[in-house]
Amino acid sequence: MSCDDLSLVQISYLLFFPVAENLAGEVSGPIRGLKDSPYFDQVDIIVRDLSALSMQVNGVQVNVQRQVFDDQIQLNDCRFALPEGLDTAGIQRRQRLQAELR
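Residues numbered from 1 in each chain as written. Predicted model: local features only at pLDDT ≥ 70, side-chain atom pairs only at ≥ 80, totals over all residues. Heavy atoms only, no water.

Some thoughts on the environment of L8
Counting through the fold element by element, L8 comes out in strand β1 (residues 8-18). Under the relative-accessibility criterion, L8 is labelled partly exposed at 39%. Residues L8 and A81, spaced 73 residues apart in sequence, show a C-alpha to C-alpha distance of 6.5 Å. Filtering out sequence-adjacent residues up to four positions away, L8 remains in contact with A81, L82 and P83. (Helix = DSSP H or I, 4+ residues; strand = E, 2+ residues; numbered from the N terminus. Buried < 20%, exposed > 50% of the residue type's maximum accessible area, 1.4 Å probe, protein only. Contact = heavy atoms within 4.5 Å.)

Some remarks on the side chain of Q98
Within the secondary structure layout, Q98 lies in helix α2 (residues 88-101). Owing to a relative accessible area of 10%, Q98 belongs among the buried residues under this scheme. The contact partners of Q98, leaving out residues within four places of it in the chain, are I11, Y13 and F80.

A short note on unusual backbone geometry
Despite not being glycine, N58 has its phi angle at roughly 50°, a positive value. The residue N58 is located in the loop between β4 (53-57) and β5 (60-69) in this model. The phi angle at D71 is positive, at roughly 55°, despite the residue not being glycine. On the secondary structure map, D71 appears in the loop between β5 and β6 (73-83). Judged by its relative accessible area of 45%, D71 is partly exposed.

Some points on the nonpolar core
Ranked by internal contacts, the top residues of the largest apolar core, which has 13 residues, are Y13, V62, C78, F80, L97 and L101. Elements with a contribution of two residues or more to this core: β1, β5, β6 and α2. Looking at this core element by element, the count peaks at four residues for β1. (Core = buried A, V, L, I, M, F, W, Y, C linked by side-chain atoms within 4.5 Å.)

Purely spatial values, then, with no claim about function.
So this is what it looks like as structure tokens:
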């Protein structure tokens, strides 16, 4: 690992919002199990995978994995890498990129 690799920050930006329309996608299987104490209720969530996207936003390559939970909530997992992501300029660039993704 070189010093250049240490300055590259991998970011996963999660966007959740209600589903406004019926989105077709492949069911990847339900999430099953028990909630933690003190509730111990059954967890039964259907996860539907939607198509993945890859796009350029403000000169940065962003990969988006989309999923729908129980046909109610859509999750967009936006992943991208920023050089010097922890310095002041990098943080400002990340904030602009996240605002554009919203």
